[in-house]
Amino acid sequence: MKLLFIGSRLYDDIDWYVKRKGIESVLTESNEEAINLELPDQVFIVPRGMDGPKQVALMQNVDAIVPLIGIDPPLIDVAYMKEEIESEYCIPVIAAGVRAVELTSDKIKTKGFYEEIGVDTPNYQILHSPDELKLDLPVVLKQGQGQGGKDIKVAKTIEDVEEYFNEFDQALCEEFIEGAEISIEVLGFNGEYVALPPIYKGETTLDGTHPLNKVKTGPCMVEGLDNNLVQHVAYKVAKNLDSDGIFEMDFMFSRKNNQLYAIEVNTRPNGTRYLTTATCGVNSLCELVNMAIGEFSLANISDKLQYHYSTEIPVGNYIGPAPKEPVKSFEDNDFVVHGPEGYQRVTARAKSAEELENLVEKLT
Ligand SMILES: Nc1ncnc2c1ncn2[C@@H]1O[C@H](COP(=O)(O)OP(=O)(O)O)[C@@H](O)[C@H]1O
Ligand SMILES: [Mg+2]
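The notes below deal with the structure included here. (Residues numbered from 1 in each chain as written. Chains lettered and ligands numbered in written order. Predicted model: local features only at pLDDT ≥ 70, side-chain atom pairs only at ≥ 80, totals over all residues. Heavy atoms only, no water.)

Among the seven residues that make up strand β17 (residues 344-350), seven are buried, leaving the element largely enclosed by the rest of the structure. Neither face of β17 is left uncovered, since the one carrying Q344, V346, A348 and A350 and the one carrying R345, T347 and R349 both have all their residues buried. Of the strand pairs in this sheet, strand β15 (residues 309-316) and β17 are connected by seven bridges, and their pairing is antiparallel. Within the sheet, the bridge partner assigned to Y309 lies in β17 and is A350. Here strand β16 (residues 335-338) pairs with β17 via four bridges, running antiparallel. Following the sheet pairing, V337 is matched in β17 by V346. Between β16 and β17, which pair antiparallel and follow one another directly, the connecting turn spans five residues, one of which, G339, has a positive phi of 100 degrees. (Buried < 20%, exposed > 50% of the residue type's maximum accessible area, 1.4 Å probe, protein only. Helix = DSSP H or I, 4+ residues; strand = E, 2+ residues; numbered from the N terminus. Pairing = 2+ DSSP bridges.)

Here's what the structure looks like:
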């Protein structure tokens, strides 16, 4: 088996798995200074965009293509490339297709999609000026595109809304939900979908702190919220997106209204994956490889499922004990360190909440 990976930044997370599976690895990257270029069997530096990867895939005669792109902007080009390569050359591309990316890469379109398929989402309106505001304050103001909290503001007063409009001339304006933030990964391939255990990412705050900067835990244990409901809704969303790869979804649970709300979908590798793997033993990036080599199935996922208590803590620069090889895997480790220097996080797991507490103390 020979696979083409697009993008090197996440490659160290799965290098060990690609090698273990005896897969021949070809990788394209547009930045010759990028990390991990020493890991694959062959590397091609190509211009930005999908023409380079497509040429390399054909020239190298690869069996499948696995994009490893953790940011939103290139996803639509990947989706067009997928449709072309799959239909013209019959090479599977393990990624979301055009319709799924169009619906999920724009938060405004995603709202409409939720409504269409009957999934609850916070009340909202599209604002063109502050005086159109009908929702009660506080509200959350967003742009259609963005990730990691970019261009998002919690407005507590009308002055806050006016201030936001100094910078933007339109906003997706959403009712502020007080409650728990939950993420879940769904894996999809060839019409089969599996929703992995949900992860708890902390409480929403009026200052809009992004979950990237909070302590998170798995599995999600929020009083009054049934994880089966989260998995059921996530499955329904993924099935209606009708595409391949990883679907990471954000939800909020309001204890006051006893209501689960869908917030957004990301059709790419995402920050929830370490906690998902720690919690249930399934690694979404490795599953992309399995999809590419014909080893992804619901039965295989079920066989792998484990149950651990896990947590992820932002540590900045990790100085604790060194993990064992392969360092990005939980196979021989009860913790994994990830993220760039200064923004490192450690994800740890144990058989009980008490053991987890002891482990975290040792690591941080
Ligand atoms: N309706 C809301 N109520 C309360 N907090 C929200 C709401 N929408 C977003 N937030 C806060 O902003 C964060 C980022 O919003 P999100 O829509 O997930 O965009 P991003 O793509 O930047 O992650 C959320 O994780 C949450 O902390
Ligand atoms: Mg989000």
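Next comes the rest of the write-up.
We now examine unusual backbone geometry. The residue after L137, namely P138, is reached through a cis peptide bond having omega -5 degrees. In the segment running from G218 into P219, the intervening peptide bond is cis, with an omega of -10 degrees. Of note in the backbone geometry, N36 takes a positive phi value of approximately 70 degrees without being a glycine. Located in the positive-phi region is N258, a residue other than glycine, with phi close to 50 degrees.

This part covers the site of ligand 1. Taken together, 21 residues surround ligand 1, and among them K142, G149, E174, I177 and E181 come closest. Between G146 and ligand 1, the recorded distance is 3.2 Å, taken from a backbone N or O atom to an oxygen atom. Residue E175 places a main-chain N or O atom 3.0 Å away from a nitrogen atom belonging to ligand 1. In isolation ligand 1 offers 550 Å² of accessible surface; the protein chains occlude 97% of this area. Breaking the shell around ligand 1 down by element, the ones donating at least two residues are β6 (139-142), β8 (171-175), β13 (245-254) and β14 (259-266). (Near = heavy atom within 4 Å. Polar contact = N/O pair within 3.5 Å; in protein donor to acceptor, adjacent residues only side chain to side chain. Areas by Shrake-Rupley, 256 points an atom, 1.4 Å probe, with all protein chains shown as cover.)

For the rest of this paragraph, the subject is the coordination of the magnesium ion (ligand 2). In an ideal tetrahedron of four donors about a metal, each angle is 109.5 degrees. In an ideal octahedron of six donors, the angles are 90 or 180 degrees. The magnesium ion (ligand 2) binds to the protein through D250 (OD) and E264 (OE); the donor distances cover 2.0 to 2.3 Å. You can see D250 sitting in strand β13 and its partner E264 sitting in strand β14, a full 14 residues away along the chain. Among the residues examined, D250 registers a relative accessible area of 12% and is labelled buried. (Donors = N, O, S within 2.8 Å, 3.2 Å for Na, K, Ca; no water.)

Moving on, we get to empty space enclosed by the protein. All told, the structure shown has three cavities of 30 Å³ or more when counted by the stated rule. Lining the largest cavity we find 15 residues, and of these I94, A95, A96, T267 and R268 sit closest to its centre. When residues of the lining of the largest cavity are traced back to their parent elements, those giving at least two are α3 (75-89) and β13. When the residues that make up the lining of the largest cavity are grouped by side-chain class, the tally is eleven nonpolar, two polar and two charged. (1 Å grid on protein atoms, 1.4 Å probe; cavity = no way out; pocket = protein on both sides within 12 Å on 5 of 7 lines; lining within 4 Å. Points joined across faces, edges and corners; volume = space filled by probe spheres on them. Nonpolar A, V, L, I, M, F, W, Y, C, P; charged D, E, K, R; others polar.)

A full pass over the atoms with the stated rule returns zero disulfides. Here C280 is not cross-linked by a disulfide; its sulfur's nearest cysteine counterpart is in C286, at 12 Å. Exposure remark for C280: the relative accessible area of 1% places this residue in the buried category. (Disulfide = S-S within 2.5 Å.)

This brings us to the layout of surface pockets. Of the pockets and cavities examined, the second largest pocket occupies roughly 610 Å³. Surrounding the second largest pocket, 24 residues form its lining, E29, S30, I69, I71 and P74 being those nearest its centre. For the lining of the second largest pocket, the per-class residue count stands at 13 nonpolar, seven polar and four charged.

What follows deals with the sheet that holds strand β2 (residues 24-29). Strand order in the open sheet formed by four strands is β3-β2-β1-β4, with parallel pairing between adjacent strands. Here the strands that pair on one side only, and so sit at the sheet edges, are β3 (42-45) and β4 (64-67). Pairs of neighbouring strands in the sheet enclose a mean axial angle of 20 degrees, with direction left out of account. The pairing of strand β1 (residues 2-6) with β4 spans four bridges and is parallel. Opposite I6, over in β4, you have P67 as the bridge partner. (Axes fitted to C-alpha atoms, helices over the stretch in contact; angles between N-to-C directions.)

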